[in-house]
Each structure stands twice: as C-alpha cells, then as structure tokens.
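Chain residues, written in single-letter form:
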Amino acid sequence: MVGVPSRSMCKSKSSTATSPSATAAAKSMARSSTTAPSTSHHRRSPRAAATNTTNGTHPPNHASYNSTSSSLSTASSSAASSLQALKQGSLPDLPLLLTFAELAAATSNFAPSHRLTPASSNSFRCALRGHPAAVFRRALRRDPSEVSARLAVLGHCHHAAIARLYGAAASPDGSLFLAYELVPDAAPLSSLLRGNAHNPAFTPLATWSARLRVAAGACDALSYVHLQAGTVHNRLSSSSLLVCGDGALLRAKIAHFGAADLAGELPPDDDDDDDKSKAASARHRRTGSRGRRIEGTRGYMAPEIIAGGAPSRRSDVFALGVLLLELLSGEEPVRYDYNKATKDYERTSLIESAEAAAAESGGEGMRRWVDRRLRDSFPVEAAETLTAVALRCVAKDPAARPEMSWVAAKVSKLFLEAQDWADKFRVPTDISVSMAPR
C-alpha cells in the first residue's frame, strides 16, 4: 500500500465468496485431469506424432485433448460470469470503493429527508446496492489514493459486535464519506440511559445482566479492533455504541469502525509500545498543533488527547473506562448543574464520583452511586469489581492503563457471573396456584 505502514490482515469470520458455476468448472477440470491418460515425461509435438503415425506408432488420444479444451473453456466462461457478477454488486461481503456520484444519487444529493437525525447534517440513511446503509461524512486528512489500500484491509474485518463497513468514497471538497450497515431497531446507549425525558425513571436496561451484556459486547469488540484489526477507534462513546434486541437477544454494536484510520486521524506509527507511543504523540503535536482542532466527545477524551497528543489504543481504553462507569451509574461523563446558592454552574465528573464511591468501605457508597433504576438488584461485589476495572482504564498515566485483552477477559467473566446471579434470584414463572375449593 502506498504511504501507509504495513499492518496485518484482519481475521475474518467469512471466507471469500465463490460462484457455484466456478466451483462446478473446477470440479470438471479435476475429473478431466484424473481420467486423462498418463503421458510420458517428454511430451512429443503434434508434428512428431504425425510422423510416428506413418511409422506404425499410435497417435495421441484426441478425445482427451478435446475434453481438456472443453473444461478450460467452461472454466473461462465461469470466471467471466463470476467477474460480471462482482461488477454488478452481487457480492456485498467485499468492501467497496464507492464513487461520490453513487452516494449522492442514493441520498438524493444528501437531502434533509435522508438524514439519520433531523439535527445532523453529516449522517444520512440510504440503500446501497439493495442494502440499507448509514453514511457519515468525515474530514479527509490523508491522500485519497491511500484510502483504497486501507479499505481493502479494514473491509475484511468482521465482528458480531461491530457495525459492518460497506465502503467509502472521497468527495471533491476533501471530505470522506463512509458507508456502514444500518443496524435495524438499534438505539445509541446514551438514549437508552437518558433519552426518556417524559419518564426519566424508565430504561430498557433495567437489569444487572443487561448492563453486563452490553459491557461485555463493547469490550470484546474494542479488543478485536486493537488486536485483530490492528487499528484505533478514536470515537468510542455512549453515542457510538448501538444497542439492539431485547432479553437474551440483547446485543451491542460499535459504530464508526475504521473511520479514524481511513480519514487519516491516526499517526503513521500507531504501535502501542510506550517509547514509540510517546514519540508519535510528540511528533503529532509538533506537526499538527498549529491550527489543529482537537476532535472527540467531551468526557471521553483522555488527558493526553486534550493536551494535543495522538490517538492511541490507550486513549481508546480510557474512553471504554468512562463507558463502563456510565453503564454502572447511568450518569453522563461530565455534568454541569446550576447552584442556586452560589448562582454558578458546578461541574460533576463521573470519574471523581466513582472514585469517591469506591473509597467507601462496606459497599454503602457503591449502593448509592450505582444507577437507582436497578433497584438495588445487583451484586455489590461485582459492581465494585467492575468499577475497579473501569478506574484502571481511566488512569491519568497512559502506561498505567491495561490492555484490552485483559479488560475483555475481566468483563466477560463478570457477565457470566451476572447470568448465574440472575438465574439464582429469578422469580419462578412456572408455578400455578389454584384458588378453587377442594
């Protein structure tokens, strides 16, 4: 790839699609090769064979040559039909380098009626080659010719908890448009925790098991982004974590996978070695601090990002730690409340309130701090353990933050324990009571 550091290819859960006609042609070629008569090591030319015929030797088997030629022609036609099917877009599993004209046509020239939300002018919904898609606009900060190389790598990364990347297109004005799968019946975690203004006491995530299921899915997905995809997300928040389904089918999906990488927001060297990470951050500050706009979501940006450093896996871990605290408490990462006595706004930090609750002994501080909509129906020790994991993730020193593989293993274990805890304290529903006289 041009101008892009080499990264390992992602592990994919789906293999490359092959058309049935090509498979049949391959089998036909295999049969013809096994049934054809064996020839000598030194193959004779047709002219020599014709000469030997006059000398009484047997001519070559023309039937076998005709069979092989027929098989080769069948294979060629099958390959041509497979290529034609690819051009027609019948293989949606592959990442696509789209054209700006195609996206403009699909969104009716980015009309307001295609916006995902009325207030957003950078996100749209449409249908791309028969598939519902969500399209997002980002500033492009790399050579457009490099996008196709990175798209070929990231497009083969598939995970059940990551919204699928369909393709990308660069616009004439220097923007990058990214197309993802439109997850049906999905809502951002932020709206599920705080989106009901008419009934703030209600949330679909009203059980401890549901909260842990979402947390485990997010951790597993981010671990995949770091270890298998070999990139940085740089946009993790409760707004970019989608939740869909209900009950045992509840699942989480991380949105905007690969957006920071494709848009050129990451430094050239994103290795997570401490010395290399510090050098990359310093280089990023020197080269991009003049007029550089710090992008991110308030409350999820790590201290080094606010100071002008480069995004890294460790800054992703910080954002995940905030997300875990948000799932535990139901509160925003940063909140400003008006104090009538001082007639001023007071800042409340979710990290600071979590540290204060964890410092109290006996579990009373944790009971007051955890989301009251869980109605004290949660194991206090498990809540303390998850809070301790989250607080390690939001450590001020990036080197003190754990790797995502460790975080994912810890949260996955807590989720399994949450399921056992829910089964133990579930109210029986298969008991019938008869009120008739005997």
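What counts, and at which threshold
- Counting from 1, residues in each chain are numbered in the order their sequence is written.
- Totals for whole chains, interfaces and linings use every residue, but because this is a predicted model, local features are given only for residues with pLDDT of at least 70 and side-chain atom pairs only at 80 or more, for both listing and counting.
- Note: side-chain values were computed over all heavy atoms of the structure, leaving out hydrogens and water.
- Residues enter a nonpolar core if they are buried and are Ala, Val, Leu, Ile, Met, Phe, Trp, Tyr or Cys, with the set joined through side-chain atoms within 4.5 Å.
- Note on classification: 1.4 Å probe, protein chains only; a residue is buried when its accessible area is under 20% of the maximum for its type, exposed when over 50%, partly exposed between these limits.
- The numbering of helices and of strands both runs from the N terminus, where a helix is a DSSP run of H or I of at least 4 residues and a strand a run of E of at least 2.
- The patch calculation keeps residues exceeding 30% relative accessible area without a salt bridge and links them within 9 Å when they carry like charges or within 5 Å when they are nonpolar (Val, Leu, Ile, Met, Phe, Trp, Tyr).
- Methods summary: accessible areas were calculated by the Shrake-Rupley approach with a probe of 1.4 Å, and residue burial reflects only the protein chains presented.
- A carboxyl oxygen of Asp or Glu within 4 Å of a side-chain nitrogen of Lys or Arg is what we treat as a salt bridge.
- Stacked, tilted and edge-to-face are the three classes applied to pairs of Phe, Tyr and Trp rings, where Trp contributes its six-membered ring and a pair requires centres within 6.5 Å; stacked means planes under 30 degrees apart, edge-to-face means over 60, and tilted covers the rest.
- Criterion for a charge above a ring: Arg CZ or Lys NZ at most 6 Å from the ring centre, at most 35 degrees from the ring normal.
- Strand pairing requires that DSSP identify at least two bridges connecting the strands.
- In what follows, residue pairs with any heavy atoms lying within 4.5 Å of each other are defined as contacts.
- To define axes, lines are fitted to C-alpha atoms, for helices over the stretch in contact only, and angles between the resulting N-to-C directions are given on a 0 to 180 degree scale.

Caption draft 1: Spotlight on the nonpolar core. Residues Trp208, Leu320 and Trp369 are the most contacted members of the largest nonpolar core, which totals 78 residues. A per-element tally of this core places helix H7 (residues 208-227) first, with twelve residues. Formed by 14 residues, the second largest nonpolar core is a distinct cluster that contains Phe124, Leu128, Val135 and Ala179.

Caption draft 2: Main features of a nonpolar patch on the surface. A cluster of nonpolar side chains, Tyr336, Tyr338 and Tyr345, forms an exposed patch at the surface whose accessible area comes to about 380 Å². Looking at the secondary structure, you find tyrosine 338 in strand E9 (residues 334-339).

Caption draft 3: Molecular detail of the packing of aromatic side chains. Per the counting criterion, the structure on display carries six aromatic pairs. A centroid spacing of 6.0 Å and a plane angle of 35° characterise the contact between tryptophan 208 and phenylalanine 378, whose relative ring orientation is tilted. In this pair, tryptophan 208 is assigned in helix H7 and phenylalanine 378 in the loop between helix H13 (364-369) and helix H14 (380-393), connecting sequence segments 170 residues apart. The residues tryptophan 208 and phenylalanine 378 share a single accessibility class, namely buried. Feature note: the residues Phe100, Phe110, Phe124 and Phe177 constitute an aromatic cluster, connected by ring pairs. The ring of tryptophan 406 has arginine 392 sitting right over it, with the charged end atom 4.5 Å from the ring centre.

Caption draft 4: Layout of the sheet that holds strand E8 (residues 251-254). If you trace the three strands from one edge of the open sheet to the other, you get E6-E7-E8, paired in antiparallel fashion. Looking at the sheet topology across the chains shown, the edges are occupied by strand E6 (187-188) and E8. In the sheet, E6 pairs with strand E7 (residues 241-244) via two bridges, with the strands oriented antiparallel. Residue alanine 187 lies in a different strand from E7, and its bridge partner there is valine 243. Packing of H7 onto the sheet brings it into contact with E7 and E8, and relative to E8 it is tilted by some 35°.

Caption draft 5: Fine view of the pattern of salt bridges. Applying the stated rule across the entire model yields 16 salt bridges. Notably, a salt bridge pairs glutamate 265 with arginine 138, separated by 3.0 Å at the nearest N-O pair. Taken as a pair, glutamate 265 in the loop between helix H8 (259-263) and helix H9 (274-288) and arginine 138 in strand E3 (residues 131-139) lie far apart in primary sequence, 127 residues in all. Given a relative accessible area of 8%, glutamate 265 falls into the buried group. On the basis of relative accessibility, which here comes to 12%, the residue arginine 138 falls in the buried class.

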